[in-house]
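# Fold and geometry: a report
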Amino acid sequence: MDWIQHLLDAHPYIRLFRGRIFVVKVSGSLLLDENHRTELARDIALLQDVGIRTVVVHGGGPQLDAFCEKMGIAREVVAGRRLTNAETQQLARMTFRGLINTALVGALSAQGAVAVGLSGGDGNLITGIKRPPRPIRDPSTGEEKTVDFGYVGDIQKIDRTLIDSLMALQMIPVICPLIAGPDGILLNVNADTVAARLAMALEAEKLIFCTAVPGLLEDAKDPRRLVSYGDLDTVEELISRGVVSGGMLPKLAAVGDALRGGVRKVHLIDGNRPHSLLLEIFTNEGCGTMLVKKRE
């Protein structure tokens, strides 16, 4: 009867979070495998069924890289952020909205959830401007140079009307990282940034990053050196020590923005671990990293 005890242990968390908004950001690498996609969809559907209003944001970097390689388009990344030329922008639209978004919506539907696929351009959900060239410093190396990111956007406004309407109808918005530019062109935005800004605009209780790593690590080469609980000072210290690099840099920038912007808790979990989302939310021990603005 262990399952009954597990249910009883989860009950206080279900009661606490019922009616609250969670933003769950899923890394594109986790969506490459159909079995992972199915399991993740099952867990997200369960959150919805116990009364947690869930918004999903997904990435798609590996999928876009594969398409670019197939088309002979070079991948350019500076300080963990992708440069997007005109050809890459077209492929991003096809990949994020047409391939990944529809597959994730389908996986959620198969679990009995009612999911709606969106880009930031739908209903003017997320609007912004094309990012101008700017100096960028890589925190891990200290190198700084002026970078033209191409068809990359900076978010200016989030209108939560559409999301609120969908959540009121018990639907799960599934959002890809494309936003509406002033000239009608969809602009690419880092999915972590989209998730953080949405969590702030929605006054979310939690922002959860489902990643391909165990969480925030004190040593990137040792998965046993997991930071289970930390704050903004913890993040800044790891960045200054050069422990964090590559794609984790924009992720932690998004974490900082979210916590400073009013999101109470941010979680980094290993999406490859079975049911890590449920373990992090409904158990006291958790399974990844929980970050707050300031540790008490």
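Provided above is the structure to which this section pertains.
First, a word on what this report is: a plain description of the structure on this page. Quick caveat, the model's predicted, so the values are computed rather than measured.

## A look at the sheet that holds strand β2 (residues 53-58)
Spatially, 8 strands are ordered β5-β10-β2-β1-β13-β15-β16-β14 in an open sheet, and the strand pairing comes out mixed. Each edge of the open sheet is held by one strand with a lone partner, namely β5 (115-119) and β14 (229-231). Neighbour-to-neighbour, the strand axes of this sheet turn through a mean angle of 20°, independent of strand direction. Sheet analysis places strand β1 (residues 21-26) next to β2, joined by 6 bridges and oriented parallel. Bridge assignment links Lys25 to a residue of β2, and that residue is Val57. Where helix α5 (residues 161-168) meets the sheet, it contacts β1, β2, β5 and β10 (172-176), and its direction lies at approximately 145° from that of β10.

## Focus: the packing of helix α6 (residues 191-201) against helix α8 (residues 248-260)
Running from amino to carboxyl end, α6 crosses α8 at an angle of 10°, the nearest separation of the two axes being 8 Å. By the criterion of interaxial angle, the relationship of α6 to α8 is roughly parallel. Contact with α6, carried on its side by Asp192, Thr193, Ala196 and Met200, involves Pro250, Lys251, Ala254, Asp257 and Ala258 of α8 and no other residues of that element.

## As for helix α7 (residues 232-240)
Taken together, the buried positions of α7 are occupied by Leu232, Thr234, Val235, Leu238 and Ile239. The arc that holds the buried residues of α7, viewed along the axis, is 160°, so those residues lie on one side. Among the structural elements, β14, α8 and β16 (289-292) are those in contact with the buried residues of α7.

## Quick word on the nonpolar core
Across soluble globular proteins, you tend to see nonpolar side chains buried next to one another. Grouped together as the largest cluster of nonpolar side chains are 45 residues, with contacts concentrated most on Val23, Leu207, Leu216 and Leu252. Sort the elements by how many residues they give to this core and α8 lands first, with 7 residues. In this structure, Leu207 is in contact with Val23, Ala195, Ala196, Ala199, Ala258, Val263, Lys265, Val266 and His267, ignoring residues within four places of it in sequence. Formed by 40 residues, the second largest nonpolar core is a distinct cluster that contains Phe22, Leu31, Leu47 and Leu91.

## Details of the state of the cysteines
Within this structure, the stated rule accounts for 0 disulfides. In this model Cys176 remains outside any disulfide bridge; the closest cysteine sulfur is found in Cys68, 16 Å from its own. The buried category is assigned to Cys176, whose relative accessible area is 1%.

## Comments concerning unusual backbone geometry
It is generally the case that most residues other than glycine have a negative phi and that most peptide bonds are trans. Of note, Asn124 is a non-glycine position whose phi angle comes to about 50°, a positive value. With a phi angle near 60°, His275 is a residue other than glycine that sits in the positive phi range. Relative to the assigned elements, His275 resides in the loop between β15 (265-270) and α9 (276-282).

## Remarks on the packing of aromatic side chains
In the structure shown here, the tally under the stated rule is 1 aromatic pair. Ring centres of Phe17 and Phe22 lie 5.2 Å apart, and the angle between their planes is 70°; on these two criteria the pair is classed as edge-to-face. Residue Phe17 shares its accessibility class with Phe22, and that shared class is buried. Lying across the ring of Tyr151, Lys130 places its NZ or CZ 4.3 Å from the centre.

## Notes on the pairing of β1
The buried fraction of β1 is high, at 6 of 6 residues. In this region the chain leaves β1, passes through helix α2 (residues 34-49) and returns to the parallel neighbour β2; the handedness of that crossover is right-handed. As defined by bridge partners, β1 adjoins strand β13 (residues 206-211) across 5 bridges and the pair is classed as parallel. Along β13, the bridge assignment pairs Phe22 with Lys206.

## A word on the pairing of β2
Within β2, 5 of the 6 residues are buried, leaving the element largely enclosed by the surrounding structure. Relative to β10, β2 is paired through 2 bridges, and the arrangement is parallel. When the sheet's bridge partners are listed, Val56 is paired in β10 with Val174.

## A look at the pattern of salt bridges
A side chain with one charge can pair with a side chain of the opposite charge if their charged atoms come near. All told, the structure shown has 15 salt bridges when counted by the stated rule. The closest approach of N and O atoms between Asp154 and Arg131, which form a salt bridge, is 2.8 Å. A residue pair is termed long-range when its members are at least 10 positions apart, and Asp154 in strand β9 (residues 153-158) and Arg131 in the loop between β6 (126-130) and β7 (134-137) qualify at 23 residues. For the residue pair Asp154 and Arg131, the accessibility class agrees, reading buried in each case. Between Glu237 and Arg241 there is a salt bridge, with the nearest N and O atoms lying 3.5 Å from each other. A residue is classified by how much of its surface remains accessible, and Arg241, at 46% relative accessible area, is partly exposed. Through salt bridges that share partners, Arg20, Glu205 and Arg264 make up one connected network.

## Brief notes about the environment of Arg264
Among the structural elements, Arg264 can be located in the loop between α8 and β15. Spatially, the C-alpha atom of Arg264 lies 26 Å from that of Arg241, the residues being 23 residues apart in sequence. Among the polar contacts listed, one links the side chain of Arg264 to the side chain of Glu205, at a separation of 2.9 Å.

Definitions and cut-offs
Along each chain, residues carry numbers from 1 onward, in the same order as the chain's sequence is written. Where totals are concerned, whole chains, interfaces and linings use all residues; where local detail is concerned, this predicted model gives features only for residues with pLDDT of at least 70, and gives and counts side-chain atom pairs only at 80 or more. Hydrogens are left out, water is left out, and the side-chain values use all remaining heavy atoms of the structure. Only strands joined by at least two bridges in the DSSP assignment are considered to pair. Only DSSP runs of H or I reaching four residues or more are called helices, and only runs of E reaching two or more are called strands; each is numbered from the N terminus. Structural elements are reduced to axes, namely lines fitted to C-alpha atoms, with helices fitted over the stretch in contact, and the angle between N-to-C directions of any two is expressed from 0 to 180 degrees. Pairs of residues are marked as contacts when any of their non-hydrogen atoms sit within 4.5 Å. Here the angle decides the label: under 35 degrees means roughly parallel, over 145 means roughly antiparallel, 65 to 115 means roughly perpendicular, and every other value means oblique. Per-residue accessibility, obtained with a 1.4 Å probe over protein chains only, is compared with the maximum for each type, and a residue is labelled buried under 20%, exposed over 50%, and partly exposed between these values. The directions considered for the arc run from the helix axis to the C-beta atoms. Residues belong to a common nonpolar core when they are buried Ala, Val, Leu, Ile, Met, Phe, Trp, Tyr or Cys residues joined through side-chain atoms within 4.5 Å. Disulfide: a pair of cysteine sulfur atoms within 2.5 Å of each other. Side-chain rings of Phe, Tyr and Trp, where Trp is taken by its six-membered ring, are said to pair if the distance between their centres is within 6.5 Å; with planes under 30 degrees apart they count as stacked, over 60 as edge-to-face, and otherwise as tilted. Our definition puts a charge over a ring when NZ of Lys or CZ of Arg is within 6 Å of the ring centre and also within 35 degrees of the ring normal. The handedness of a crossover follows from its direction of travel: if, with the strands pointing away from the viewer, the path from the first strand over the helix to the second runs clockwise, the crossover is right-handed. Just to be clear on terms, a salt bridge is a Lys or Arg side-chain nitrogen sitting within 4 Å of an Asp or Glu carboxyl oxygen. Between N or O atoms, a polar contact is any pair within 3.5 Å; within protein, one atom must be a potential hydrogen donor and the other a potential acceptor, and residues adjacent in sequence are included only when both atoms are from side chains.

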